[in-house]
Amino acid sequence: SDYANMILTPIIPTSKLLKSETNYDGSQRVSIDESDLIDDGSVWFFINGIATSPELSKVNAKKIAEIFKREIHLLYNPSDSIPFDLIECIMDRTFKMGTKVTQSMYKVLLKALNDYEKVVIVSHSQGGIIAAELVNRLVKDMDCEHMAEKLEVYTFASATNYMLKNERLSIEKNKIIPHIEHFANTKDFISKIGVLHYKEDVEGHLYTNESSGHLLNIHYLVQFLNGEFGTENKLFSYIPKETDIKE
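Rules used in this analysis
- Residues numbered from 1 in each chain as written.
- Predicted model: local features only at pLDDT ≥ 70, side-chain atom pairs only at ≥ 80, totals over all residues.
- Heavy atoms only, no water.
- Core = buried A, V, L, I, M, F, W, Y, C linked by side-chain atoms within 4.5 Å.
- Buried < 20%, exposed > 50% of the residue type's maximum accessible area, 1.4 Å probe, protein only.
- Helix = DSSP H or I, 4+ residues; strand = E, 2+ residues; numbered from the N terminus.
- Contact = heavy atoms within 4.5 Å.
- Right-handed = clockwise from strand over helix to strand, strands pointing away.
- Pairing = 2+ DSSP bridges.
- pLDDT = per-residue confidence, 0-100.
- Phe/Tyr/Trp six-rings, centres within 6.5 Å; stacked < 30°, edge-to-face > 60°.

Membership of the largest hydrophobic core comes to 36 residues, with the highest contact counts inside it found for Ile 121 and Leu 151. Only strand 4 (42–47), helix 3 (100–115), strand 6 (118–124), helix 4 (126–140), strand 7 (151–156) and strand 8 (179–185) provide two or more residues apiece to this core. Broken down by element, this core gets its largest block of residues, 8 residues, from helix 3. If near-sequence neighbours (up to four positions away) are discounted, Leu 151 is found in contact with Leu 109, Leu 113, Val 119, Ile 121, Val 135, Leu 138, Pro 178 and His 179. Phe 46, Ile 67, Val 120 and Tyr 154 belong to the second-largest nonpolar core, a separate cluster that totals 25 residues.

This is the structure:
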C-alpha cells in the first residue's frame, strides 16, 4: 500500500488544540498555544520501533513532546505483526533493502531539510535501523550531502548495525556530521544485538545505562530524563528546566 499520505502525523505536547492545518507533506498539523511550545526554527520527527501500533506510537511521541516541549511529527513505521516486522528488519539491516516506508521518509526528510534550519530525528528500536538508512542515503547523496550539517539523530535501543557519517564535512568541521547520539540499556537484548554489538560500525556518540528493558517510555525516556544516561549529551540540553514528567 501507499504510505505517502499517512507517514507524517503530528503529536502535540499539550491538550490546548487551537486549529488544524495542512502540513507541508499534505498531512494534518495541529497548532497549539505557542506559550507551551518551543519554536527555535527546528522540526522534530519520531520513528517508532517494531510491533508498535499507531496508538502506542502516538503515546511514545507525546512523551517526547512533553519532555522537550516541541511539536513532534510521527514518521510512522507500520507493524505487520512481529514475524513480518522481523523480516523487514533483516531486509533493511542485512541486505540494505530500503522499504517503501523508508523511501517515503527520505523524501519527507529532504523536504524538511530544505524548509527548516534544523531537523531532529528521534527513533526507537527498529526505528533506529530506518534512521540509519536515512542518514546513509543522505551522506551518499552528492546533491544533498551539504544539508547533513542541519540534521541531528538520536536513537534509543537502536537495532541497527551500520550507520555512516559525512566523511568530508566531519573532517572539515572536526566533529561527527550529522550529529548522532545513541542511548542504550546494556541489558536490553535489542540494543545488545544492535548498536552495542556493532558500535565500531555505527557512527555517533554512545551513551549507556546499566539497566534492562526495551520499552521506550518506561525503560528509556524516564531514565533519560533522570540523567541516568548522563547529562553531557546534546539531547539532554534540549530539556527545558521546568520539565517534570511523571512516569
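There is more to say, and it comes next.
Summarising the element assignment, Leu 110 is placed in helix 3. Looking at Leu 110, the relative accessible area reads 18%, which means it is buried. Along the chain, Leu 110 and Cys 144 lie 34 residues apart, while their C-alpha atoms are 7.9 Å from each other. The residues contacting Leu 110, other than those within four sequence positions of it, are Leu 138, Cys 144 and Met 147.

Here the focus is the pairing of strand 7. Along strand 7, 6 of the 6 residues are buried, which leaves the element largely enclosed by surrounding structure. Burial along strand 7 is two-sided: the face carrying Leu 151, Val 153 and Thr 155 and the face carrying Glu 152, Tyr 154 and Phe 156 are both buried. Handedness of the crossover joining strand 6 and strand 7 through helix 4: right-handed. Note: strand 7 against strand 8, 5 bridges, orientation parallel. Counterpart to Glu 152 in the pairing with strand 8 is His 179.

What follows deals with helix 7 (residues 216–225). When you tally the buried positions in helix 7, you get 8 out of 10 residues, the bulk of the element. Among the residues making up helix 7, those that are buried are Leu 216, Asn 217, Tyr 220, Leu 221, Val 222, Gln 223, Phe 224 and Leu 225. Phi turns positive, to about 80°, at Gly 227, one or two residues after helix 7.

Attention now moves to the confidence of the model for the protein chain. Mean pLDDT over the protein chain: 82, with 76% of residues reaching 70 or higher. Every residue in residues 1–6 is under pLDDT 50, and counting partners more than four places away or in other chains gives 6 contacts. For the stretch residues 12–22, pLDDT sits under 50, and the model shows 36 contacts to residues farther than four places along the chain or on other chains.

Before going further, it helps to spend a moment on the packing of aromatic side chains. Evaluation of the coordinates by the stated rule reveals 11 aromatic pairs. Both rings, one in Phe 156 and one in Tyr 220, keep their centres 6.1 Å apart while their planes meet at 75°; by these two values the pair is edge-to-face. One end of the pair, Phe 156, is in strand 7; the other, Tyr 220, is in helix 7, and 64 residues separate them in sequence. Both residues of the pair, Phe 156 and Tyr 220, count as buried. Where Phe 183 meets Phe 224, the ring centres are 5.3 Å apart and the plane angle is 80°; that geometry is what we call edge-to-face. Within this pair, whereas Phe 183 is found in strand 8, its partner Phe 224 is found in helix 7, the two being separated by 41 residues in sequence. Classification of Phe 183 as buried rests on a relative accessible area of 0%.

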